[in-house]
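Single-letter residue listing:
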Amino acid sequence: MASTQADESGGSAVRKTRFVATSGSSQEGADTPERIEPAGSQRKRTVAAGLGMGVGTLLCFLLSAGMSDGQSAVRGAAVPEVSSLREQLRITEAKTAALPNADDAERGLTAALRAAGQVAKLQNDYRYLTPKVAADGGKLDAATSQSTLRNLIPYFAPSVHQEDLGPWYLLAGDKDVPAGVGIPMSFDSGFEWAGQVPYLVNDDGTIAVTWLAMETRPGAGEKPAVLAWARADYDLVRNAFVNIRTGTTVTGKALEQEVRAP
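Here is a short report on the structure shown in this document. (Residues numbered from 1 in each chain as written. Predicted model: local features only at pLDDT ≥ 70, side-chain atom pairs only at ≥ 80, totals over all residues. Heavy atoms only, no water.)

### So, the overall build of the protein chain
And then number 1: Assigned secondary structure in the protein chain consists of six helices and four strands.
And then number 2: For the protein chain, the succession of helices and strands along the chain, N to C, is α-α-α-α-α-β-β-β-β-α.
And then number 3: Sorting the 262 residues of the protein chain into buried and exposed places 38% on the buried side.
And then number 4: Excluding contacts between residues fewer than 6 apart, the proportion of contacts in the protein chain whose partners are at least 24 apart in sequence is 68%.
And then number 5: A total of about 14,500 Å² of accessible surface is found on the protein chain, and carbon and sulfur atoms cover 54% of it. (Helix = DSSP H or I, 4+ residues; strand = E, 2+ residues; numbered from the N terminus. Buried < 20%, exposed > 50% of the residue type's maximum accessible area, 1.4 Å probe, protein only. Contact = heavy atoms within 4.5 Å. Areas by Shrake-Rupley, 256 points an atom, 1.4 Å probe, with all protein chains shown as cover.)

Rendered as structure tokens:
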């Protein structure tokens with residue numbers, strides 16, 4: 001499982017997006033990965049349409065400017081500009097036509113949020129393995145984690161490696177919790193994974209989703225710290241997450257239980 005500092009999370013740049021969810025906002029904090037503010041889907045469509053009209057108008061102007069004495073030839077100097085504007089118009093029309101309608105976008109955002117919640121729940125189940133991992137010198141036993149892994153796999157595309165679906169974060173403090181069946185279901189690990197509300201549908205039909213491992217027992221008067229994060233794109237065609245990236249914050253790294261592959 002890859003792990004980087006919060007300031008070096010990497011990943012490809014987020015592309016411009018098209019639709020906005022109506023859900024509430026995600027948590028904020030100094031260590032929280034940067035969030036993109038939503039913009040109205042109708043405004044996006046208006047901008048795309050306006051751009052197309054603007055490019056078309058300018059194209060017509062250059063064409064008319066190139067007419068001389070009834071001749072239909074465009075002046076040589078204007079040919080490269082006209083060609084470029086035609087290409088911009090073609091791209092604008094293609095992108096506008098590819099936009100999903102508002103209902104499809106809303107359903108996609110709801111599906112992504114639901115799947116993100118299930119993934120967070122399963123990642124939280126890994127917390128119960130911490131004492132055993134500590135007892136085994138930081139080694140994650142495949143047999144004890146197999147049940148959670150098996151339930152996680154259906155939420156991710158086959159291109160996602162199974163080793164990336166192991167525990168994204170374990171708190172070192174949990175190693176002192178007695179191992180075995182004595183751990184209660186109400187066990188408070190000191191942190192909890194939560195999927196953040198996705199707002200936008202990307203041009204390529206994916207939805208960027210972020211999970212945060214938030215501290216559950218902050219000091220008096222302190223905001224809960226972000227200990228770790230994970231990001232993936234929810235593919236609306238495959239109904240699965242792809243391109244997963246994970247990492248820890250500076251605070252989380254200092255409190256992390258190291259985990260080694262089996």
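### Let's talk about the packing of aromatic side chains
And then number 1: Counting across every chain of the model gives six aromatic pairs.
And then number 2: Ring centres 5.4 Å apart and planes at 80 degrees place the aromatic pair tryptophan 168 and tryptophan 193 in the edge-to-face group. Of this pair, tryptophan 168 sits in the loop between helix 5 (142-152) and strand 1 (191-195) while tryptophan 193 sits in strand 1, placing them 25 residues apart in sequence.
And then number 3: Judged by its relative accessible area of 3%, tryptophan 168 is buried.
And then number 4: Take tryptophan 193: its relative accessible area is 3%, and that puts it in the buried class.
And then number 5: Plain terms: the ring middles of tryptophan 211 and phenylalanine 241 are 5.1 Å apart, the flat faces sit at 65 degrees to each other, and that makes the pair edge-to-face. Placement of the pair is tryptophan 211 in strand 2 (residues 206-215) and phenylalanine 241 in strand 4 (residues 240-248), with a sequence separation of 30 residues.
And then number 6: According to the relative accessible area criterion, tryptophan 211 is buried, its value standing at 0%.
And then number 7: The rings of Phe156, Trp168, Trp193, Trp211, Tyr234 and Phe241 are connected pair by pair, giving a single aromatic cluster.
And then number 8: One residue, arginine 231, lies across the ring of tryptophan 229, its end atom 4.9 Å from the ring centre. (Phe/Tyr/Trp six-rings, centres within 6.5 Å; stacked < 30°, edge-to-face > 60°. Lys NZ or Arg CZ within 6 Å of the ring centre and 35° of its normal.)

### What to know about helix 3 (residues 102-125)
And then number 1: For helix 3, with 24 residues, the first-to-last C-alpha span of 35 Å sits near the 34 Å given by 1.5 Å per residue.
And then number 2: Of all the positions in helix 3, only Ala105, Gly108, Leu109, Ala112, Ala115, Ala116, Val119, Ala120, Leu122, Gln123 and Asn124 are classed as buried.
And then number 3: Structurally, helix 3 contributes buried residues whose contacts are with helix 5, strand 1, strand 2, strand 3 (226-235) and strand 4. (Expected span 1.5 Å × (residues − 1).)

### What about the environment of tyrosine 126?
And then number 1: Looking at the element boundaries, tyrosine 126 is found in the loop between helix 3 and helix 4 (130-135).
And then number 2: The spacing of tyrosine 126 and serine 147 is 21 residues in sequence and 10.0 Å in space, taken between C-alpha atoms.
And then number 3: Residue contacts for tyrosine 126: discarding those within four places in its chain leaves Ser145, Thr148, Leu149, Leu152, Leu165, Gly166, Pro167 and Leu170.

### A short note on the pattern of salt bridges
And then number 1: A full pass over the atoms with the stated rule returns three salt bridges.
And then number 2: Residue aspartate 104 pairs with arginine 107 through a salt bridge whose shortest N-O separation is 2.3 Å. Linking aspartate 104 with arginine 107, this pair stays in helix 3, spanning three residues, or about one helical turn.
And then number 3: Using a relative accessible area of 34% as the deciding quantity, one classes aspartate 104 as partly exposed.
And then number 4: On the accessibility criterion, arginine 107 (52% relative accessible area) is exposed.
And then number 5: Among the salt bridges present, the one from lysine 253 reaches glutamate 256, with a minimum N-O distance of 3.5 Å. (Salt bridge = Lys/Arg side-chain N within 4 Å of Asp/Glu carboxyl O.)

### A closer look at the pairing of strand 2
And then number 1: Within strand 2, eight of the 10 residues are buried, which leaves it mostly tucked inside the rest of the structure.
And then number 2: Sheet topology places strand 1 next to strand 2; five bridges connect them, and they run antiparallel. In the strand pairing of strand 2, glycine 195 is matched with tryptophan 211.
And then number 3: Bridge count for strand 2 against strand 3 is nine bridges, and the pairing is antiparallel. Looking across to strand 3, one finds that tryptophan 211 is bridged to alanine 230. (Pairing = 2+ DSSP bridges.)

### A word on the nonpolar core
And then number 1: Among the nonpolar cores identified, the biggest contains 36 residues, and Phe156, Trp168, Trp193, Val209, Trp211 and Phe241 are the most heavily contacted of them.
And then number 2: Those elements that provide at least two residues to this core are helix 3, helix 5, strand 1, strand 2, strand 3 and strand 4.
And then number 3: Here this core takes eight residues from helix 3, the largest share from any one element. (Core = buried A, V, L, I, M, F, W, Y, C linked by side-chain atoms within 4.5 Å.)

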